[in-house]
Amino acid sequence: MFALALNVLVGYAGLVSLGHAGLFGIAGYTVGLMLEAGHGHLVADLSAVGLTLVASAIYAVLALRSTGIGFLMITLALGQIVWGSPTAGRA
């Protein structure tokens with residue numbers, strides 16, 4: 001899924017992203033935290049999809065107005081923000 005999404009972004013849109021994996025990390029952490037809290041798999045998956053959609057909408061608002069090296073640097077910064085978030089230390 002990661003490779004297909006990156007293929008669409010690079011191949012069709014011509015945009016190279018360095019923070020693309022942050023969205024998959026958000027989904028993974030959401031599922032892990034929801035399962036740890038005792039919720040079922042369906043609830044965990046649906047909440048991961050919902051939270052990832054919200055995060056990708058925020059990514060889009062911040063990054064899609066730029067192109068080229070500006071887009072590259074913005075996505076790198078967003079990926080680093082996700083990587084350094086406070087919940088990353090919980091796992």
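It should be emphasised that the depicted structure is a prediction, and the values quoted were computed from it without experimental measurement.

1. Observations regarding the side chain of Thr 30
Topologically, Thr 30 is positioned in helix 2 (residues 21-36). Exposure remark for Thr 30: the relative accessible area of 11% places this residue in the buried category. Residues in contact with Thr 30, not counting those within four places in the same chain, are Ser 47, Ala 48 and Leu 51.

2. Focus: the packing of helix 3 (residues 41-63) against helix 4 (residues 68-83)
At a closest axis distance of 10 Å, the pairing of helix 3 and helix 4 adopts a crossing angle of 145°. Once helix 3 is placed against helix 4, the crossing between them reads as right-handed. Facing Tyr 59, Leu 62 and Ala 63 of helix 3, the residues of helix 4 in contact are Phe 71, Ile 74, Thr 75, Leu 78, Gly 79 and Val 82. When the residues that make up the contact of helix 3 with helix 4 are grouped by side-chain class, the tally is seven nonpolar, two polar and no charged.

3. Remarks on the environment of Gln 80
Looking at the secondary structure, you find Gln 80 in helix 4. Of the residues examined, Gln 80 reaches a relative accessible area of 45% and is grouped as partly exposed. Separated by 62 residues in sequence, Gln 80 and Leu 18 have C-alpha atoms that sit 9.5 Å apart.

4. Focus: the nonpolar core
Listed in full, the nine residues of the largest apolar core are Leu 9, Leu 15, Leu 23, Ile 26, Ala 55, Tyr 59, Ala 63, Phe 71 and Leu 78. Of all the secondary-structure elements, those providing two or more residues to this core are helix 2, helix 3 and helix 4. A per-element tally of this core places helix 3 first, with three residues. In contact with Ile 26, other than residues within four places in its own chain, are Leu 51, Thr 52, Ala 55 and Val 82.

The rules behind each value
- Residues numbered from 1 in each chain as written.
- Predicted model: local features only at pLDDT ≥ 70, side-chain atom pairs only at ≥ 80, totals over all residues.
- Heavy atoms only, no water.
- Helix = DSSP H or I, 4+ residues; strand = E, 2+ residues; numbered from the N terminus.
- Buried < 20%, exposed > 50% of the residue type's maximum accessible area, 1.4 Å probe, protein only.
- Contact = heavy atoms within 4.5 Å.
- Axes fitted to C-alpha atoms, helices over the stretch in contact; angles between N-to-C directions.
- Left-handed = near helix turned anticlockwise from the far one by under 90°.
- Nonpolar A, V, L, I, M, F, W, Y, C, P; charged D, E, K, R; others polar.
- Core = buried A, V, L, I, M, F, W, Y, C linked by side-chain atoms within 4.5 Å.

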